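# Overview (structure and organization)
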Amino acid sequence: MNDYIKPLPVIQPHSVEFWEGTKQGKLLIQSCNDCHAPMTYPRKFCSECWSTNLGWRESSGKGTVYSFSVTYEGVEPIFHDDLPIILAWIDLPEGVRMTTNIINCDPDKVQIGMNVEVVFKPVTDEVTLHYFQPST
Amino acid sequence: MSKGLAIIGIAEVPTKRDPERTRWDILLEVCMGAVRDAGIDKNQINAVISPNPMAQPEMQNDMALGKIPEVLGLKGCRDICITNAGGASNTNCLRLAQELIDCGQANFVLIPHTTVQSDIPPADLINFFATAPLDKQWEYPFGVSFNGSMGLITNRYMYETGATEAQMATVTVALRAWAAKDPNSIFYGKPITLADVLESRMISTPLKAKECNFLADGGGAMVVTSHDIAKSLGSGRHAYKLGHGTRFMSATPFVREDLFHRKAYRESSQDALKQAGLHIDDMDLRQIYGAYPYTQCSALEGYGVCKEGEGASVWAEGRCGPGGDLPCTTMGDATGRGHVGSGVSMAFYIDTVRQIRGEAGARQINNCDNVIVTTSGGSVMNTCTTVFGSEAR
């Protein structure tokens, strides 16, 4: 598992909990305990009210495809084995949008509005990435 | 005190891929060319304000740390500065130059740009465009390239508006038609057909190879001064900046509410037009720097030239290309000119000056008095809209 050569997320102190969550099979969404705004990605301060009183809740992991793009070329060689890559923006019911890949799916069958669910893949001992696949 | 900003000198090298033509070769040629074109002495330049040469760290140091006035012997140079807003860097150069002029610190400012990408390994360029304007934690690990990011936006644009792949492809055909008439474009003399676009390799759906940017080398320079000084110089026409508005949206596309920038195009253009005392219908030419075809469509919708969702059909009707009644982007955008890093906006302003002067050759718009120009930086983080006119107001 440690021969993973693709770029790993640059983890920040305030996003450690998110990545601990993916290792445990949980998709955690950060939100503000004061103003209740969901964070589109984890932050040190609430981007709405600048509160530091931030908390986490577990997403159902079920979302819909807001948009997608199937990449056939134009990526660095380290990604070549993955082509075609289905890039996607997934809208989660918790009010956030995520950039990810749709896996276990025919690239010609992806559609905007399609129901998808999270699937976790450990890529190193330290990092588990969150992908999505068509809902079962 | 003499205020306002007018572009009185321009120079540009043809866009091409040629690693033998060095960054400094380009820089010296365009700096000297723009000063000569302005008809002033080199020692009258009071400041050099440069766009950051992206992905070229050695050149960045040279430009940020004062090599240009030293090498060119600009004895009247009081100040240097470098700006970085990605593709919109030259817009910031113009704004900073105007501040120096307005507060009496400068009469003439030189704005030079150079980019050589042909000596940078392709994988490094892909990496740069995937990591600089996108997110290294939330996007890059998933194989998001710049083309992929723009594919995501374009797909949603087509979904919401019903624009077809063929309609979207007409944008690139029109941009290449302008480019084919432009000796400074890498695609000079190389128009393409709708079939050429639709049958080109798929890169990131729905974007095909011909709809993506061709990374190239190039450079340009401008000399700017105040309205009053410009009026006293030369017998020719100058491009007078009459108004400006900018709207920032977001650094990364996936958090962007105004995903097609319509609101940003609308508000920034309304600000610029209001200051100019003009209406969008007064514009003889619309120069839209978005680098990807959907921006050419959504900008028209944001400007209020057409209804929301109809931008692609306006292009498909042939109204924006050569011979059309709504000429847009005679510069060809990055898809037609070749993408020269932070210099794309420079090429847009230089082309705007050419159009206002009546020096755009086969691309010349008749009686081109008023031009609206929108530039954007990063992943289209902003819309920077400026109105230029042939006369000061």
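Residues numbered from 1 in each chain as written. Chains lettered and ligands numbered in written order. Predicted model: local features only at pLDDT ≥ 70, side-chain atom pairs only at ≥ 80, totals over all residues.

### Digging into the overall build of chain A
Let me state the cut-off plainly: Strands here mean DSSP runs of E at least two residues long; helices mean DSSP runs of H or I at least four residues long; both are numbered from the N terminus. When we talk radius of gyration, it's over C-alpha atoms, and the globule rule is simply 2.2 Å times the number of residues to the 0.38.
Along the backbone of chain A there are 1 helix and 7 strands. For chain A, the sequential pattern of α-helices and β-strands runs α-β-β-β-β-β-β-β. Over its C-alpha trace chain A gives a radius of gyration of 16 Å, about what one expects of a compact globule, namely 14 Å for 136 residues. Counting only C-alpha atoms and orienting by the principal axes, one finds that chain A spans roughly 45 × 35 × 25 Å.

### With respect to the pairing of strand E10 (residues 370-375) of chain B
Side chains on a regular strand alternate between the two faces of the sheet. Residue and element names in this part refer to chain B. Where we set the bar: Burial is judged by counting the other C-beta atoms within 10 Å of a residue's own C-beta: 20 or more makes it buried, 12 or fewer makes it exposed, and any count in between marks it as partly exposed, with every C-beta position built from the backbone. Should DSSP find at least two bridges between two strands, the strands are regarded as paired.
E10 sits mainly inside the fold: 6 of its 6 residues count as buried. Alignment of strand E9 (residues 285-288) against E10, held across 4 bridges, turns out to be parallel. Bridge pairing in E10 places Ile288 opposite Thr374. Alignment of E10 against strand E11 (residues 382-389), held across 6 bridges, turns out to be antiparallel. Bridge assignment links Ile372 to a residue of E11, and that residue is Val387. Where E10 folds back onto E11 in an antiparallel hairpin, the turn is made up of 6 residues, including Gly378, whose phi is positive at roughly 60°.

### Here we look at the sheet that holds strand E1 (residues 5-16) of chain B
Residue and element names in this part refer to chain B. Applicable threshold: Where helices are involved, their axes are fitted lines through C-alpha atoms of the stretch in contact, as for all axes, and angles between N-to-C directions lie from 0 to 180°. Any residue pair is listed as a contact if its two C-beta atoms, each placed from the backbone, are within 7 Å.
Taken in spatial order, the 9 strands line up as E3-E2-E4-E7-E1-E8-E11-E10-E9 in an open sheet, and their pairing is mixed. Either end of the sheet is taken by a strand with one partner, and the two such strands are strand E3 (79-83) and E9. Taken pair by pair, the neighbouring strands of this sheet meet at an average axis angle of 20°, ignoring direction. Where E1 meets strand E7 (residues 217-225), 8 bridges bridge the pair, whose relative direction is antiparallel. Looking at E7, one finds that Ala6 is bridged to Thr225. Its contacts with the sheet place helix H1 (residues 23-38) against E1, strand E4 (109-115) and E7, and it is angled at close to 145° to E1.

### Observations concerning the environment of B:Gly290
Residue and element names in this part refer to chain B. Tracing the backbone shows Gly290 in the loop between E9 and helix H11 (293-303). You can call Gly290 buried: it has 26 C-beta atoms within 10 Å. Residues Gly290 and Leu194, spaced 96 residues apart in sequence, show a C-alpha to C-alpha distance of 20 Å.

### Remarks on the interface of chain B and chain A
Rule in force here: Think of it as three bins: nonpolar holds Ala, Val, Leu, Ile, Met, Phe, Trp, Tyr, Cys and Pro, charged holds Asp, Glu, Lys and Arg, and polar takes everything else, Gly as well.
Contacts between the two partners involve 27 residues from chain B, matched on the other side by 33 residues from chain A. Put simply, the parts of the chain that give the side of chain B that touches chain A at least two residues each are helix H5 (122-131), helix H6 (146-161) and strand E5 (202-204) of chain B. No other element matches the 7 residues that H6(B) contributes to the side of chain B that touches chain A. In terms of residue class, the side of chain B that touches chain A is made up of 13 nonpolar, 10 polar and 4 charged.

### Concerning unusual backbone geometry
Between A:Leu83 and the following residue, A:Pro84, the backbone shows a cis peptide bond with an omega angle of -5°. Within the secondary structure, A:Pro84 sits in the loop between strand E3 (62-71) and strand E4 (85-91). A cis amide bond, omega 0°, links B:Thr205 with the succeeding residue B:Pro206. Following the sequence through the fold, B:Pro206 ends up in the loop between E5 and strand E6 (207-208). Even without a glycine there, the phi angle at B:Asn367 is positive, about 50°. Looking at where B:Asn367 falls in the secondary structure, it is placed in the loop between helix H14 (344-357) and E10. For B:Asn367, a count of 9 C-beta atoms within 10 Å puts it in the exposed group.

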